[in-house]
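So the chains spell out like this:
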Amino acid sequence: MKIRGSVPCYIKFRLRTHKNIDAGTIRLPEEELLTRSYWFTVDEEMSAGRSANDKQHVLLGIAQLEGGAR
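Residues numbered from 1 in each chain as written. Predicted model: local features only at pLDDT ≥ 70, side-chain atom pairs only at ≥ 80, totals over all residues. Heavy atoms only, no water.

Visitor: What's the story with the overall build of the protein chain in this structure? I'm lost.
Guide: A count of helices and strands for the protein chain gives 2 helices and 4 strands. With respect to the three principal axes, the spread of C-alpha positions in the protein chain is 50 × 30 × 25 Å. Relative to its 70 residues, the protein chain shows a buried fraction of 1%. A separation of at least 24 residues holds for 40% of the contacts in the protein chain among residues at least 6 apart in sequence. Total accessible area on the protein chain stands at roughly 7,100 Å², and carbon and sulfur atoms take up 55% of it. The average position of the 11 basic charges and that of the 9 acidic charges among the side chains of the protein chain differ by 14 Å. (Helix = DSSP H or I, 4+ residues; strand = E, 2+ residues; numbered from the N terminus. Buried < 20%, exposed > 50% of the residue type's maximum accessible area, 1.4 Å probe, protein only. Contact = heavy atoms within 4.5 Å. Areas by Shrake-Rupley, 256 points an atom, 1.4 Å probe, with all protein chains shown as cover. Lys, Arg positive; Asp, Glu negative; His and termini not counted. Charge placed at Lys NZ, Arg CZ, Asp CG, Glu CD.)

Visitor: When you look at unusual backbone geometry in this model, what are you seeing that I'm missing?
Guide: Excluding glycine, residues mostly carry a negative phi; peptide bonds, for their part, are mostly trans. With phi around 60°, His 18 is a residue other than glycine that occupies positive phi space. Within the secondary structure, His 18 is located in the loop between strand 2 (9–13) and strand 3 (20–25). You can call His 18 exposed: its relative accessible area is 58%.

Visitor: Looking at this model, I keep getting lost on the pattern of salt bridges. Mind explaining?
Guide: Pairing between side chains of opposite charge can happen when their charged atoms approach one another. According to the stated counting rule, one finds 3 salt bridges in the structure shown. Put simply, Glu 32 and Lys 2 hold a salt bridge, and the shortest N to O gap is 3.8 Å. Residue Glu 32 is found in strand 4 (residues 31–34), and its partner Lys 2 is found in strand 1 (residues 2–5); the two are separated by 30 residues along the sequence. A relative accessible area of 43% means that Glu 32 is categorised as partly exposed. The closest approach of N and O atoms between Glu 30 and Arg 4, which form a salt bridge, is 4.0 Å. Placement of the pair is Glu 30 in the loop between strand 3 and strand 4 and Arg 4 in strand 1, with a sequence separation of 26 residues. The same class applies to Glu 30 and to Arg 4, which are both exposed. Ionic contacts of the salt-bridge type, sharing partners, join the residues Lys 2, Arg 4, Glu 30 and Glu 32 into one network. (Salt bridge = Lys/Arg side-chain N within 4 Å of Asp/Glu carboxyl O.)

It is worth stressing that arrangement in space is one thing and function is another; only the former is reported here.
This is how it looks when you write it as structure tokens:
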């Protein structure tokens, strides 16, 4: 899968106060990233009664099997 993206603007701020000093548009070339993607479909029966945290742990486990998360 190819992902393309560019940065359309910037914001400059002070680190201690987070006060916005400047902002504006910039013109940078588009960048391209090659990555992998997967599509999972889980039917209602399998996910019924499971918390969002449980589902997240399953996906993280699958990602580790594929070498995606380290």
